[in-house]
Amino acid sequence: MVVLGANSPIAQACLPMFLRRGYDLLLCARTLDKAQQVKAHLCAEGGWAPERIICRALSLSAESADGQAQALLNSVPDLCGLFTAVGVYAETCDQLSTAQAFDLTAINFTAQIPFLNRTAEILKLKHRQGQLQGRHKRGLIIAVSSVAAVRGRCTNYLYGASKAALSTYLDGMRQQYQDCAAVIELRPGLIATSMLDGRRLPALLIAQPQAVERALERALRFGSPVVYAPRFWGLLAFFWRLIPHRLYGRLKF
Ligand SMILES: NC(=O)c1ccc[n+]([C@@H]2O[C@H](COP(=O)([O-])OP(=O)(O)OC[C@H]3O[C@@H](n4cnc5c(N)ncnc54)[C@H](OP(=O)(O)O)[C@@H]3O)[C@@H](O)[C@H]2O)c1
């Protein structure tokens, strides 16, 4: 399992589950030292064999993403799946420069496309050649989107739009690669990580990264394509979508 954004607390919460399910890990992160610490923690706390976890440095950008995806994914002979937790947040869209807005969109969406596509192509080929077997007879493509993808909000609509683009892309991939890959979208609500730093939010709504691991576990067990973390965000999203546009445009939250 290739993991992008492996140093993120949300990714870290999910890693033991992949190991338990028999996947070896290729952890990709901007800071290699931190990824090595994540690996050391998994081995020390979980007792996982060090040879099951490899670390690589990887910093995504729109310009280099295609080459990076080819080089990285072609170097994994027994690729079974991709998990991407890469993302950047911005609260005040109207204060971002055009370059910053393009960068955010690239990191949250466009720069991830080559990784998603190349993984799907490899899984399709392996599926045709009967190389995906046993528990892993379909590959896995898992991406961390957000409840912000459900509807735009007056503060963070650029972030929400980039995640909505990712969600729509995953919808299409799910149809196209249904034979060879389970495509799972994780939609966390508010999770206690550095992404919430500096925001005043109701403590009641904030969950720990393990909530995302539990959501992923549900998705894998029940074959759910889209899961909210924690679960109650699914209900909120349902009602959120029902608000008529005319009324929604007059709200501010
Ligand atoms: N926390 C929340 O409330 C929340 C809610 C909904 C969705 N999410 C999503 O969950 C995912 C994980 O976020 P998090 O909360 O765990 O916060 P985080 O620690 O900031 O995770 C973001 C990850 O993206 C990586 N990243 C950012 N820019 C990158 C780049 N140019 N190249 C490669 N990697 C890059 C970061 O790498 P470094 O570790 O090197 O900085 C980090 O590992 C994100 O996609 C986020 O949008 C979070």
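Residues numbered from 1 in each chain as written. Predicted model: local features only at pLDDT ≥ 70, side-chain atom pairs only at ≥ 80, totals over all residues.

Draft legend 1. View of the environment of A101. Relative to the assigned elements, A101 resides in helix α4 (residues 98–108). Judged by the 15 C-beta atoms lying within 10 Å of it, A101 is partly exposed. The sequence separation of A101 and L125 amounts to 24 residues, and the corresponding C-alpha distance is 36 Å. Beyond its immediate stretch of four places on either side in the chain, A101 contacts L96 and L158. (Helix = DSSP H or I, 4+ residues; strand = E, 2+ residues; numbered from the N terminus. Buried ≥ 20, exposed ≤ 12 C-beta atoms within 10 Å, placed from the backbone. Contact = placed C-beta atoms within 7 Å.)

Draft legend 2. Molecular detail of helix α1 (residues 9–20). Looking at α1, one finds that the buried residues are I10, A11, Q12, A13, C14, L15 and F18. Trailing α1 by a residue or two, G22 shows a phi angle of about 95°, which is positive.

Draft legend 3. Seen up close, the sheet that holds strand β4 (residues 81–84). The strand order β3-β2-β1-β4-β5-β6-β9 describes an open sheet built from 7 strands, whose pairing is parallel. Of all the strands in the sheet, the pair left with one neighbour each is β3 (53–57) and β9 (226–229). In this sheet, neighbouring strand axes are inclined to one another by 20° on average, regardless of whether the strands run parallel or antiparallel. The pairing of strand β2 (residues 25–29) with β3 spans 5 bridges and is classified as parallel. Bridge pairing links L27 to C55 in β3. Contacting β1 (2–4), β2, β4, β5 (139–144) and β6 (181–188), α1 crosses the sheet at an angle of about 170° to β2. Running at roughly 155° to β9, helix α7 (residues 210–222) makes contact with β5, β6 and β9 of the sheet. (Pairing = 2+ DSSP bridges. Axes fitted to C-alpha atoms, helices over the stretch in contact; angles between N-to-C directions.)

Draft legend 4. Molecular detail of the site of the ligand. The full set close to the ligand counts 25 residues, and S8, R30, L60, G87 and T193 are the nearest of them. At the level of elements, α1 and β7 (190–191) are the ones that each hand at least two residues to the shell around the ligand. Considered class by class, the residues forming the shell around the ligand number 15 nonpolar, 9 polar and 1 charged. (Near = placed C-beta within 6 Å. Nonpolar A, V, L, I, M, F, W, Y, C, P; charged D, E, K, R; others polar.)

Draft legend 5. Layout of the pairing of β5. By the criterion of burial, β5 is predominantly enclosed, with 6 of the 6 residues buried. Of the two faces of β5, the one carrying G139, I141 and A143 and the one carrying L140, I142 and V144 are both buried. The pairing of β4 with β5 spans 4 bridges and is parallel. Across the sheet, residue T84 finds its bridge partner in β5, namely A143. For the crossover that starts at β5, traverses helix α6 (residues 157–176) and ends in the parallel β6, the hand is right-handed. (Right-handed = clockwise from strand over helix to strand, strands pointing away.)

Draft legend 6. View of helix α5 (residues 113–128). A rise of 1.5 Å per residue sets the reference length of α5, with its 16 residues, at 22 Å; its end C-alpha atoms lie 22 Å apart and thus fit the reference within 8%. Taken together, the buried positions of α5 are F115, L116, R118, T119, I122 and L123. At its buried positions, α5 is contacted by β1, α3 (65–74), β4, β5, α6 and β6. Positive backbone phi, at 70°, marks G130, one or two positions downstream of α5. (Expected span 1.5 Å × (residues − 1).)

Draft legend 7. Spatial organisation of the pairing of β2. Most of β2 sits inside the fold, with 5 of its 5 residues counted as buried. A two-sided burial pattern is seen for β2, the buried positions comprising L25, L27 and A29 on one face and L26 and C28 on the other. Summarising the sheet, β1 and β2 pair through 3 bridges and their orientation is parallel. Its bridge partner lying in β2, L4 is registered against C28. Read as a crossover between parallel neighbours, the route from β1 over α1 to β2 is right-handed. With respect to chirality, the unit in which β2 leads through helix α2 (residues 32–46) into the neighbouring parallel β3 is right-handed.

Draft legend 8. The nonpolar core, seen in detail. Within the largest apolar cluster, 72 residues are counted, with the highest numbers of intra-cluster contacts made by V3, L27, C28 and V212. When near neighbours in sequence (up to four residues on either side) are disregarded, V212 contacts I10, A13, C14, L186, P188, I191 and A229. (Core = buried A, V, L, I, M, F, W, Y, C linked by C-beta atoms within 7 Å.)

Draft legend 9. Quick peek at the packing of α3 against α5. Between α3 and α5, the shortest axis-to-axis distance is 8 Å and the interhelical angle comes to 35°. Between α3 and α5 lies a crossing of right-handed hand. The residues of α5 that touch α3, namely those facing A65, D66, A69, Q70 and L73, are P114, F115, R118, T119 and I122. Here the contact of α3 with α5 is built from residues that sort into 6 nonpolar, 2 polar and 2 charged. (Left-handed = near helix turned anticlockwise from the far one by under 90°.)

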